[in-house]
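Chain by chain, the residues run as shown.
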Amino acid sequence: MRLSLSTLLVALFSGATSSAQAPLAVPKPVAAALEQVQPAAIKAHIAYLADDRLLGRKAGTPGYQMAVDYVTQQLKTLGVQPAGEGGTFIQKVRLRRAFLQPGATFVARDAQGAALPLAAGQDYAVYPSPELPATRVQDAPLAFAGFGISAPELGYDDYAGLDVKGKVVMIVRGAPRTFASTVASASQDLAGLLKAAINHGAVGFILASAHAGALPDLKAGTYSVLGADGKVAVSRTFAAGSQQQFYGAVNAATLQRLLQTSGLDTTQAFAAIRSGKPASAGLKATISASAQSRYQDIESYNVVGKFVGSDAKLRDEYVVHSAHLDHLGVTAPVKGDSINNGAHDNASGVACVLEIAKIYSRLKDKPKRTMLFAFMTGEELGLLGSSAFAANPTVPKAKIVADINMDMPTLIAPLLSVVALGAPHSTLIEPVKKACAYMAIDLEQDPEPEQNRFIRSDQYSFVTAGIPALHIKYGNKTADGRNNLSEEVQKWRAVTYHKPQDDINGRFDFEAGRKYVQLCFLIGYQVAQDPARPTWNKGDFFGQRYGRR
């Protein structure tokens, strides 16, 4: 027998909980609005956004504009007020697509000045600069900086005692085994690694692969965000405000050659940094490189709406529900299909935010804080839309108290348990626990910490802006008791994720979508009602590094 949320609420209020935590008190009108969430409505949003007519919703394309128009119209229909720029629902995001011109050079020389035999595209790749049309380094010394992590607060700093001024820094991506999973993920954020190198005086940056595999194909260009001044504001290949002259990548064999020029043992160096002991060193090698870049500037948009809060003081503060609106567009065919519809990724997340807004539209008494609904562009290009919004929001940044992000909730099975990525770092974990208890959903640890999911979606842009944020993902619990949903998702992902097969005809459990909407609503609603704004936990890594309060 399926119990309604109202029945569950009565059970909770009658003391039918084993938790010492007080049950979540949900006003009757709110419980009634929650009951009205319809799986069919979630499906309808996904069906439109993942239709072939939108051609995969790639940022800056006509198909993406169709998605912007759809979301905007849905918000208007619900009575949501515009919260974008100039009284509109949109925030312009200026994307720059940078391409490498023919004739780029890259030469690595050993201590005797002999050039290493390296092939472009096979042994190394040179990236375009999104800001400087012509770049050049000449005989710049090379330095190996391990993982490239500068975190003295954790007792680890790859730059301690290493002089990289005027040098090209080479790193491998990873983190010491002693780091907690979310801290390890954050420590591998490329934007942060590049910034650390440039802040220490480096003129260039090389990302080396520690394992065999192909180098990135840069024919399609790289993407960054431009500020109002025309300069790069957000990028994962260029440090904003710098005169960075080089960004490149080398394969594992080239990394080994470059380390061997200075007699370094790759195996020993990797073992040291993985154990938490930096193995950085200046190398007896130099780098010369030159490149010319050309640009294609594109306008894309975030969509932002709001329901104004009811409290005279707290209405000036904002709780954000976010989801990215873009996807991959049209790519090479897979099984005869080339349109990446992005039904799960992330039409499903967008649908959930729209349905959360619909719940609020049904409430005569709005919560104390203002609810902000933000639909981001450029997530698939490197969290660009959310980074632009978090850096320069359409509301006062200091007044944004939390972000609850929805990205690919993976609605393929009953929602029996969830993981709250990021929530344990702040007081946001408390409303998560209460909402899970109310919904009879188990709260679990991340079953796939190696996926680095905490830094791979838009909530991380809010975290780096000092705003407590979380992302609710599926847990491992299954109805048959095998509790192996993570394994099932991995199998599903292998044939669906970032492929044209992610369409409305794929595997969906829309009742799970209903529960997901209700759960995320309840988390945000509690934050909106609580007189105290969320805070980072005392001594927390993210609070210490990014916290503004």
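Residues numbered from 1 in each chain as written. Predicted model: local features only at pLDDT ≥ 70, side-chain atom pairs only at ≥ 80, totals over all residues. Heavy atoms only, no water.

**Q** When you look at the overall build of the protein in this model, what are you seeing that I'm missing?
**A** The helix and strand tally for the protein stands at 15 helices and 21 strands. Taken against the 2.2 N^0.38 rule, which gives 24 Å for 549 residues, the C-alpha radius of gyration of the protein at 24 Å falls within 12% of a compact globule. Oriented by its inertia axes, the alpha-carbon framework of the protein measures out at about 80 × 50 × 50 Å. Taking all contacts inside the protein whose residues are at least 6 apart in sequence as the whole, residues at least 24 apart take part in 82%. Total accessible area on the protein is roughly 21,800 Å²; 52% of this is exposed by carbon and sulfur atoms. (Helix = DSSP H or I, 4+ residues; strand = E, 2+ residues; numbered from the N terminus. Rg over C-alpha atoms; globule rule 2.2 N^0.38 Å. Contact = heavy atoms within 4.5 Å. Areas by Shrake-Rupley, 256 points an atom, 1.4 Å probe, with all protein chains shown as cover.)

**Q** I tried to follow the state of the cysteines on my own but got confused; where do I start?
**A** Applying the stated criterion to the full structure yields zero disulfides. Unpaired in terms of disulfides, C352 finds its nearest cysteine sulfur in C520, a separation of 7.0 Å. (Disulfide = S-S within 2.5 Å.)

**Q** Could you clarify how one ought to interpret the confidence of the model for the protein in this entry?
**A** Regions with low pLDDT should not have their predicted coordinates read in detail. Residues of the protein with pLDDT of at least 70 account for 96%, and the chain-wide mean is 94. Contacts for the low-pLDDT stretch residues 1-19, under 50 throughout, to residues beyond four places or in other chains number 24 contacts. (pLDDT = per-residue confidence, 0-100.)

**Q** What am I meant to see in the pattern of salt bridges here?
**A** All told, the structure shown has 15 salt bridges when counted by the stated rule. Between K219 and D217 there is a salt bridge; the shortest N-O distance is 3.5 Å. According to the relative accessible area criterion, D217 is exposed, its value standing at 56%. Shared partners join several salt bridges into a network, and the residues in it are E35, E511 and R514. (Salt bridge = Lys/Arg side-chain N within 4 Å of Asp/Glu carboxyl O. Buried < 20%, exposed > 50% of the residue type's maximum accessible area, 1.4 Å probe, protein only.)

**Q** Honestly, the pairing of strand β10 (residues 222-226) in this entry has me stumped. Any pointers?
**A** Within a regular strand, the side chains alternate between the two sheet faces. Within β10, five of the five residues are buried, leaving the element largely enclosed by the surrounding structure. Burial along β10 is two-sided: T222, S224 and L226 facing one way and Y223 and V225 facing the other are all buried. Sheet analysis places strand β2 (residues 90-100) next to β10, joined by five bridges and oriented antiparallel. Bridged to L95 within β10 is V225. The antiparallel pairing of β10 with strand β11 (residues 232-234) creates a hairpin that spans five residues between the two strands, and G230 there sits at a positive phi of about 85°. (Pairing = 2+ DSSP bridges.)

**Q** When you look at the nonpolar core in this model, what are you seeing that I'm missing?
**A** When a protein is soluble and globular, its nonpolar side chains tend to lie buried together. Counting 87 residues, the largest nonpolar core has F106, L142, M170, I206 and F542 as the members making the most contacts within it. Ignoring sequence-local partners within four residues, the contact set of F106 consists of L118, Y124, V126, I206, F246, V250, I287, S288 and A289. Among the nonpolar cores identified, the runner-up in size contains 74 residues, and L34, V68, V517 and F521 belong to it. (Core = buried A, V, L, I, M, F, W, Y, C linked by side-chain atoms within 4.5 Å.)

**Q** Hey, could you run me through the packing of helix α3 (residues 39-49) against helix α14 (residues 510-529) in this one?
**A** Taken N-terminus to C-terminus, the directions of α3 and α14 make an angle of 100°; their axes are 8 Å apart at the nearest point. By the criterion of interaxial angle, the relationship of α3 to α14 is roughly perpendicular. Residue-level inspection shows P39, I42, K43 and I46 of α3 in contact with α14, the latter providing F510, E511, G513, R514 and V517. Its residues placed into classes, the contact of α3 with α14 shows five nonpolar, one polar and three charged. (Axes fitted to C-alpha atoms, helices over the stretch in contact; angles between N-to-C directions. Parallel < 35°, antiparallel > 145°, perpendicular 65-115°, else oblique. Nonpolar A, V, L, I, M, F, W, Y, C, P; charged D, E, K, R; others polar.)

**Q** What should I look at first to understand α3 in this one?
**A** Along an α-helix, residues three or four positions apart point the same way, because every turn accommodates 3.6 residues. Among the residues of α3, P39, A41, I42, H45, I46 and L49 are the ones counted as buried. Each buried residue of α3 lies within a common arc of 165° when the element is viewed along its axis, so the set occupies one face. (Arc of directions from axis to C-beta.)

**Q** Explain the environment of S224 here, please?
**A** Among the secondary structure elements, S224 is positioned in strand β10. Considering only alpha carbons, one finds S224 and A98, 126 residues apart in sequence, at a separation of 8.1 Å. With residues near it in sequence (within four places) discarded, S224 still touches R94, L95, R96, P130, V232, V234, S235 and L384.

**Q** Help me understand the environment of E355, please; the structure alone is not making it clear to me.
**A** One can find E355 in helix α9 (residues 343-361). Sequence separation of E355 and G513 is 158 residues, and the distance between their C-alpha atoms is 9.9 Å. In this view, E355 contacts A41, I42, H45 and V517; residues no more than four positions away in its chain are not counted.

**Q** Quick question: what am I supposed to make of the pairing of β2 here?
**A** Strand direction decides the pairing type here: β2 and strand β13 (residues 281-307), joined by eleven bridges, are antiparallel. Counted as the bridge partner of R96 is D297 from β13.

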